[in-house]
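Reading the structure
Chain by chain, the residues run as shown.
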Amino acid sequence: MVTTGLSKPYVAKYAHNAGTVTYSGGMKLGRGVSVEIEIDAADDNNFYADNVIAETESTQFTSGAATVTVDGLENEAAVLILGLPTSEPFEVGESKSVNLQKYGKTLNAPYVAFAYIRRTQMEGVVKYYPVIHPKNKFSIPSDSAATQEDSIDWQTQELSATILRDDTAEANWKITTDEGLDTEEEAEEVIKKYLNITA
């Protein structure tokens, strides 16, 4: 099947206790533009006897990296994935104040789940797959901006995350459905249910 689209990136705060994983505070990360997942895996571990491979242990996931591009990172999502402190009021004038979001030494990125919907097409049939990476840690993103010229230069936000195994007995690093779903709404429902998002 051919991947034809990406939508609905979600994140949720990750926690675990005695092998049970839970999620809280889930929300949309932004509007999805692209996702690139790179996986590092150990080589096959082969045992030789009588001059041939007698036993082999198949390759295993060791780590992964996600590059996620969204239209823009809202402050609420940035607070969640980067562990930012609560914003502080700042008086601009006698009758006006704003809240300042401070990026300082108290910043402490938590583990979060990251999920999105992958749209595919095969022989003209469109299907939607919910893809969940249950445990990740996002890095501080870079900032860039350019002045507007004759036409708008659409500028997006690129985020980087490390993909890890979760703390269940299965040590999962990716979860998806075995078959595609008929609608985007059905795939989104799976993600929201798994990440305990009720809003």
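Refer to the preceding data block for the structure.
Residues numbered from 1 in each chain as written. Predicted model: local features only at pLDDT ≥ 70, side-chain atom pairs only at ≥ 80, totals over all residues. Heavy atoms only, no water.

1. Section: helix H1 (residues 75-82)
Looking only at H1, the buried set comprises Ala 77, Ala 78, Leu 80, Ile 81 and Leu 82. Within two residues after H1, Gly 83 carries a phi angle of roughly 70 degrees, on the positive side. (Buried < 20%, exposed > 50% of the residue type's maximum accessible area, 1.4 Å probe, protein only. Helix = DSSP H or I, 4+ residues; strand = E, 2+ residues; numbered from the N terminus.)

2. A look at unusual backbone geometry
Backbone geometry at Lys 8 places phi at a positive 50 degrees, although glycine is not the residue there. Mapped onto the elements of the fold, Lys 8 is located in strand S1 (residues 2-17). We classify Lys 8 as partly exposed; its relative accessible area is 23%. Notably, Asp 50 is not glycine yet its phi reads approximately 55 degrees, a positive angle. In this fold, Asp 50 is placed in the loop between strand S4 (45-49) and strand S5 (52-57).

3. Side note on the pattern of salt bridges
Under the criterion given, the structure shown has five salt bridges. Close ionic contact of Arg 31 with Asp 71 constitutes a salt bridge, the shortest N to O distance being 2.6 Å. Of this pair, Arg 31 sits in the loop between strand S2 (20-28) and strand S3 (32-41) while Asp 71 sits in the loop between strand S6 (61-70) and H1, placing them 40 residues apart in sequence. Taking relative accessible area as the criterion, Arg 31 reaches 60% and is therefore assigned exposed. (Salt bridge = Lys/Arg side-chain N within 4 Å of Asp/Glu carboxyl O.)

4. Quick look at the pairing of S6
Relative to S6, S3 runs antiparallel, the two sharing nine bridges. Bridge pairing in S6 links Ile 39 to Gly 64. Pairing of S6 with strand S11 (residues 157-164), which is carried by seven bridges, proceeds in the antiparallel orientation. Looking at S11, one finds that Ala 66 is bridged to Ala 161. (Pairing = 2+ DSSP bridges.)

5. Considering the side chain of Glu 188
When you line up the elements, Glu 188 lands in helix H2 (residues 184-194). Since its relative accessible area comes to 14%, Glu 188 is described here as buried. Leave out the neighbours within four places in its chain, and Glu 188 touches Lys 8, Tyr 10 and Ile 117. (Contact = heavy atoms within 4.5 Å.)

6. A closer look at the nonpolar core
If you look at the biggest cluster of nonpolar residues, it comprises 22 residues, and the most contacted ones within it are Val 11, Leu 29, Val 68, Ile 81, Phe 114, Phe 138 and Leu 159. For this core, the secondary-structure elements that each account for two or more residues are S6, H1, strand S9 (112-122), strand S10 (125-138) and S11. Ranked by residues supplied to this core, first place goes to H1 with five residues. Val 68 has contacts with Leu 29, Ser 34, Val 35, Phe 114, Phe 138, Gln 157, Glu 158 and Leu 159, leaving out every residue within four places of it along the chain. Listed in part, the 15 residues of the second largest apolar core include Tyr 14, Val 21, Ile 191 and Leu 195. (Core = buried A, V, L, I, M, F, W, Y, C linked by side-chain atoms within 4.5 Å.)

In short, shape yes, function no, at least from these values alone.
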